[in-house]
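# Analysis of the macromolecular model
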Amino acid sequence: MSRDTTARRGRPWLYLLPAAAVLVPMFGYPVYMLGLLSVFDYRQAQVSGGQPSTFVGFGNYAALLGDRRFWEVLAQTVGFAAALVVATLAVGAALAVLLTRTGPLPRTALSLAALGAWAAPAMTGSTVWMFLFDADLGLVNQVLGIDGFNWFYDRWVTFGVVGATVVWHSFPLVMITLYAGIRAVPASVLEAAALDGASAWQGFWRIIVPMLRPLVTIVVIQSVIWDFKLFTQIYVMTNGGGVAGQNTVLNVYAYQIAFGSSEYGLGSAVAVVMTLILLVITLFYIRALRRSGERL
């Protein structure tokens, strides 16, 4: 291998050094401290300095993996996050296609409305949706004529309302990203397909979708990460996890353990497990994409 080839291959890493110099300390140290706390018995007594910290190794992880409640919350989190990712992609992709088929004025109005939803803080949006679905004064109950119906009592109804709120916050990124990708598809390719007898539907699925696969990969990974570590909407709209904790997800579960029960070591172990799960999912998805011949 020549020196020029080696220098050319190492040049991208050189460009990443300034960003790495900022991001590695910013994210590396908190992750290190999270992993460190997870192997200690660290409670309120240790925080206040009344007792020394006790090294327990993988004791917190063993206690966590042996807890039936942890597995229930994990399964619930995975199922809810998967539903949110599919719904977000479906809504975002449908609206991206709609943007390509509307005039300038409707396109601008839809884009501004979507960006408004995206820019709204999660706390603010969750509060607004709570008022909309309020049992006594909510607009939804008044429109449907079902005064007094509590949308936050049943587990699955609650997940539906919270899920709609999350999708409302998340779909604009998918919509804008895929719209930009669709607009970047060369018109000559679509015209050639039309001349060969391909319908608009066939052109979309056989030409546009394969060309957008790298973009879809990015938004899928981002959606998985965001939805798997969901906290604000669930905590605010269900008052900390719903009736008897029936709507608890992993991030809320970690919060309850760490700050509700003051078991900071065990709560850190939950966070480490979440991080590892997300890392494995991301790596498997990228590996599968590369095996199919796609490049990010």
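Everything numeric here is computed off the predicted structure, so don't read it as measured data.

Turning our eyes to something else, we now look at the overall build of the chain. Scanning the chain for helices and strands turns up 14 helices and two strands. Counting only C-alpha atoms, the chain reaches 75 × 75 × 30 Å along its principal axes. When the 296 residues of the chain are sorted by exposure, 34% land in the buried category. Contacts in the chain between residues far apart in sequence, at least 24 positions, make up 68% of those at least 6 positions apart.

We now examine the nonpolar core. The tendency in soluble globular proteins is for nonpolar side chains to be buried side by side. By size, the foremost hydrophobic cluster in this structure holds 30 residues, and its most contacted members are Phe80, Met175 and Ile234. Secondary structure elements with two or more residues in this core: helix 4 (68-100), helix 8 (155-184), helix 10 (200-211) and helix 12 (232-237). In terms of residue count, helix 8 provides more of this core than any other element does, 11 residues in total. Sequence-distant contacts of Met175, defined by excluding residues within four places in its chain, comprise Gly92, Leu95, Ala96, Leu99, Ser111 and Ala114. Formed by 22 residues, the second largest nonpolar core is a distinct cluster that contains Leu64, Ala81, Leu250 and Val272.

Considering all chains together, one arrives at four salt bridges under this definition. Between Glu72 and Arg69 there is a salt bridge whose closest N-O contact spans 3.8 Å. In this pair, Glu72 and Arg69 are both assigned in helix 4, three residues apart and thus about one turn of the helix distant. Judged by its relative accessible area of 40%, Glu72 falls in the partly exposed class. For Arg69, a relative accessible area of 29% puts it in the partly exposed group. Beyond isolated ion pairs, a larger network of salt bridges with shared partners links Asp41, Arg43 and Glu263.

The full count for this structure, using the stated rule, is 16 aromatic pairs. Relative to Tyr61, the ring of Phe58 has its centre 6.0 Å away and its plane inclined at 55°; by these criteria the two rings are tilted. Tyr61 gets classed as buried once you look at its relative accessible area, which sits at 15%. Considering the side-chain rings of Trp156 and Phe159, the 6.0 Å spacing of their centres and the 40° angle between planes classify their relative orientation as tilted.

Where helix 4 meets helix 11 (residues 213-228), the closest approach of the two axes is 9 Å, and the angle between their N-to-C directions is 140°. Between helix 4 and helix 11, the interaxial angle falls into the category oblique. For the element pair helix 4 and helix 11, the recorded crossing hand is right-handed. Between helix 4 and helix 11, the contacting residues are Leu74, Thr77, Val78, Ala81, Leu84, Val85, Thr88 and Leu89 on the first element and Val219, Val220, Ser223, Val224, Asp227 and Phe228 on the second.

All right, on to unusual backbone geometry then. In this model, Asn239 sits at a positive phi of 55°, which is unusual for a non-glycine residue. Note on placement: Asn239 falls in the loop between helix 12 and helix 13 (250-260). A residue is classified by how much of its surface remains accessible, and Asn239, at 71% relative accessible area, is exposed. The phi dihedral of Ser262 is positive, around 60°, even though this residue is not glycine. Counting through the fold element by element, Ser262 comes out in the loop between helix 13 and helix 14 (264-291).

Take the packing of helix 8 against helix 11 next. Where helix 8 meets helix 11, the closest approach of the two axes is 10 Å, and the angle between their N-to-C directions is 165°. Here helix 11 runs roughly antiparallel to helix 8, going by the angle between their axes. Here the hand of the crossing between helix 8 and helix 11 comes out right-handed. Two secondary-structure elements touch here, helix 8 through Val166, Ser170, Leu173, Val174, Thr177, Leu178 and Gly181 and helix 11 through Leu215, Val216, Val219, Gln222, Ser223, Trp226 and Asp227. When the residues that make up the contact of helix 8 with helix 11 are grouped by side-chain class, the tally is eight nonpolar, five polar and one charged.

Within the secondary structure, Val272 sits in helix 14. Apart from the residues lying within four places of it in its own chain, the contact partners of Val272 are Leu34, Gly35, Ser38 and Tyr61.

Taken together, the side chains of Leu139, Val143, Leu144, Ile146 and Phe149 present a nonpolar region at the surface, about 460 Å² in accessible area. One can find Ile146 in the loop between helix 7 (139-144) and helix 8.

Turning our eyes to something else, we now look at helix 13. Along helix 13, the positions that sit buried rather than exposed are Leu250, Val252, Tyr253, Ala254, Ile257 and Ala258. Where helix 13 ends, the next residue or the one after it, Ser262, has phi of about 60°, a positive value.

What counts, and at which threshold
- Residues numbered from 1 in each chain as written.
- Predicted model: local features only at pLDDT ≥ 70, side-chain atom pairs only at ≥ 80, totals over all residues.
- Heavy atoms only, no water.
- Helix = DSSP H or I, 4+ residues; strand = E, 2+ residues; numbered from the N terminus.
- Buried < 20%, exposed > 50% of the residue type's maximum accessible area, 1.4 Å probe, protein only.
- Contact = heavy atoms within 4.5 Å.
- Core = buried A, V, L, I, M, F, W, Y, C linked by side-chain atoms within 4.5 Å.
- Salt bridge = Lys/Arg side-chain N within 4 Å of Asp/Glu carboxyl O.
- Phe/Tyr/Trp six-rings, centres within 6.5 Å; stacked < 30°, edge-to-face > 60°.
- Axes fitted to C-alpha atoms, helices over the stretch in contact; angles between N-to-C directions.
- Parallel < 35°, antiparallel > 145°, perpendicular 65-115°, else oblique.
- Left-handed = near helix turned anticlockwise from the far one by under 90°.
- Nonpolar A, V, L, I, M, F, W, Y, C, P; charged D, E, K, R; others polar.
- Patch = residues over 30% accessible without salt bridge, like charges linked within 9 Å, V, L, I, M, F, W, Y side chains within 5 Å.
- Areas by Shrake-Rupley, 256 points an atom, 1.4 Å probe, with all protein chains shown as cover.

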